[in-house]
Amino acid sequence: MPKSTTPLDLLLLPTWLVPVEPAGVVLEDHALGVRDGRIVFLGPRSETSRFNATEVRELPGCLLAPGLINAHGHAAMTLFRGLADDLPLMTWLEEHIWPAEARWVDEDFVRDGTNLAIAEQLKGGITCFSDMYFYPKIASECVHDSGMRAQICVPLLDFPIPGARTFDEALHLGIELFGSLRHHPRIRIALGPHAPYTVNDENLEKVRVVADELDAPVQMHVHETASEVHDAVQQRGERPLQRLARIGLLGPNLQAVHMTQVSDDDLALLVESNTSVVHCPESNLKLASGFCPVERLWLAGVNVAVGTDGAASNNDLDLLGETRTAALLAKAVAGSASALDAHRALRMATLNGARALGIEAITGSLEIGKAADLVAFDLSGLAQQPVYDPVSQLIYASGRDCVKHVWVAGNALLDERRLTRLDEQALHASAVAWGKRIAGLAE
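Going along each chain's sequence as written, the residues are numbered from 1 onward. Reporting in this predicted model follows two pLDDT cut-offs: at least 70 for local features of residues, and 80 or more for side-chain atom pairs to be given and counted; totals over whole chains, interfaces and linings ignore these cut-offs and use all residues. Hydrogens are left out, water is left out, and the side-chain values use all remaining heavy atoms of the structure.

What counts here: UniProt positions are given in the numbering used here, feature names are shortened, and annotations may be inferred rather than shown by experiment.
As annotated in an unreviewed UniProt entry, the protein is 5-methylthioadenosine/S-adenosylhomocysteine deaminase from Pseudomonas bharatica CSV86. The record held by UniProt for the protein lists under Function (unreviewed entry) the comment "Catalyzes the deamination of 5-methylthioadenosine and S-adenosyl-L-homocysteine into 5-methylthioinosine and S-inosyl-L-homocysteine, respectively. Is also able to deaminate adenosine."

Here it is, written out as structure tokens:
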């Protein structure tokens, strides 16, 4: 067979290749080729002789998969990691986190905290993340410089927040940011009304109108706790999801985060509207918020993604660990050991996340034409032997320290476990300095 005239930029030769789509497939003796940031070849190793490649990487003992997608978080809150642990949600928010944010959050805080989060996520195999935090323009600059892919959600609340004195000012800044980054290859801007209990009907109507005009995604904390739902029914006579349906916010552009409380009527609304749910199991467990019925949602046809939430309530941005927790918790909640098996759990952390963020045509699976957002997991460790099903070993027997290589759009952002664009020492020093300031220990 004659050589291809156009060389590949990168040819990867892993032990196992898991495309995620089609579902449940594990390929051995296969290779993946990248050109101009996209996947252009996926096939048997025996067919690679027809290619020249600028770089060829043998990946023995590695599972090559789509990059993980962290569908919900608050990146800069890495600098509040461990600040107010072991407290219920509203106490944690109202008495600790919101006062700390009012005192400390500025552009420098967001820049340093976001860069720390980006580094942590890359080292954990995450190639794309969704961020909902203050000063979204600063966060988008961090993402641009890092080479990662992200959805930046513009935070919208009824009261003043860092960077915006009013709801309307925050919304206007969000519209401007959306316009300026409309054609960015790796960044998508979303609207982020915080929660039903922090945004009134009039302002939610504004979100709906702008989201419809711009065809913009909307991410929102919804049904995070039983008390949230109970209070809404007492005060308004309707459940928060019903309220969002009445306003017209449910739909394929809405990402409903948490959803620990799902009635039959709620489930029907989610299914009919094609709304995605973002599951954050470890944050829900730590704050005793409740249990998202993942298997029930999945079997009904709801797209369920997974997110870490912020490091202040998790306390890490370890999506592989989050996915393992999600798989184990789903079995207990459903009362079935077959609920959310390892292959579906990996799908939840990749393609389902891409679908929730509206970028499934770009990333989330290993398919010809998609962006080369890839992660190589090293499964050669002693604690992972023997390997019967590499996906099961990844989900149930591996930690994020097995992440060896990460590529986004074909660019190596983690090489042999080393960050290629970010200075880990500088990030560490910055985080320590912020910790001392916030704790009142700075000289």
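Now that the structure has been shown, we can carry on.
## Brief notes about the domain arrangement of the protein
The test is simple: These domain boundaries are the output of an automatic or database domain assignment. Contacts are residue-level and defined by heavy atoms, with any inter-residue pair within 4.5 Å sufficient. When two parts are brought into contact, each loses some accessible area as probed by a 1.4 Å sphere; the total of that loss over both is the buried area.
Examined at the domain level, the protein breaks down into domain 1 (8-66 + 371-409) and domain 2 (68-357). Taking only C-alpha atoms into account, the centre of domain 1 sits 29 Å from that of domain 2. Taken together, the 27 residues of domain 1 in the interface contact 29 residues of domain 2. For the pair domain 1 and domain 2, the summed buried surface comes to about 2100 Å²; carbon and sulfur atoms form 66% of the total.

## A few points about the nonpolar core
Operational definition: Only buried residues count toward a nonpolar core, which is a set of Ala, Val, Leu, Ile, Met, Phe, Trp, Tyr and Cys residues joined through side-chain atoms within 4.5 Å. Per-residue accessibility, obtained with a 1.4 Å probe over protein chains only, is compared with the maximum for each type, and a residue is labelled buried under 20%, exposed over 50%, and partly exposed between these values. In DSSP terms, a helix is any run of H or I states spanning at least four residues, a strand is any run of E spanning at least two, and both are numbered starting from the N terminus.
Phe80, Trp92, Phe109, Tyr133, Leu297, Leu340 and Phe377 are the most contacted members of the largest nonpolar core, which has 112 residues in total. Considering every element that reaches this core, the biggest residue donor is helix α2 (residues 107-123), with 7 residues. The two domains that each donate at least three residues to this core are domain 1 (8-66 + 371-409) and domain 2 (68-357). The contact partners of Tyr133, leaving out residues within four places of it in the chain, are His74, Ala76, Met77, Phe80, Glu101, Val105, Phe109, Val110, Cys153 and Pro155. Within the second largest apolar cluster, 15 residues are counted, among which are Val34, Ile39, Leu59 and Leu366.

## Some details on unusual backbone geometry
Asn314 connects to Asn315 through a cis peptide bond whose omega is 25 degrees. Here Asn315 is to be found in the loop between β13 (304-306) and α11 (319-334). Residue Gln385 is joined to Pro386 through a cis peptide bond whose omega torsion reads -10 degrees. Among the secondary structure elements, Pro386 is positioned in the loop between β14 (374-378) and α14 (390-397). Residue His223 is not a glycine yet carries a positive backbone phi of 50 degrees. As for its position among the elements, His223 is in the loop between β10 (218-222) and α6 (226-236). Given a relative accessible area of 0%, His223 falls into the buried group. Of note in this structure, Ala409 is not a glycine but carries a positive phi near 50 degrees.

## A short note on the UniProt feature "binding site: Zn(2+)" (unreviewed entry) in the protein
Rules: Contacts described as polar in this section are N or O atom pairs within 3.5 Å, which, within protein, must combine one atom able to donate a hydrogen with one able to accept it, while residues neighboring in sequence count only if both atoms come from side chains.
Annotation from UniProt places "binding site: Zn(2+)" (unreviewed entry) at His72, His74, His221 and Asp309. The annotated residues occupy 238 residues of the chain but converge on a single region, no pair of C-alpha atoms lying more than 12.0 Å apart. Among the secondary structure elements, His72 is positioned in the loop between β6 (68-70) and α1 (89-104). The class for His72 is buried, based on a relative accessible area of 0%. Once residues within four sequence positions are removed from consideration, His72 is found in contact with Ser130, Gln219, His221, Val257, Val278, Cys280, Gly307, Thr308 and Asp309. Tracing the backbone through its elements, the reader meets His221 in strand β10. Once residues within four sequence positions are removed from consideration, His221 is found in contact with His72, His74, Met132, Pro193, His194, Ala195, Pro196, Val257 and His258. A polar atom in the side chain of His221 sits 3.2 Å from the side chain of His72.

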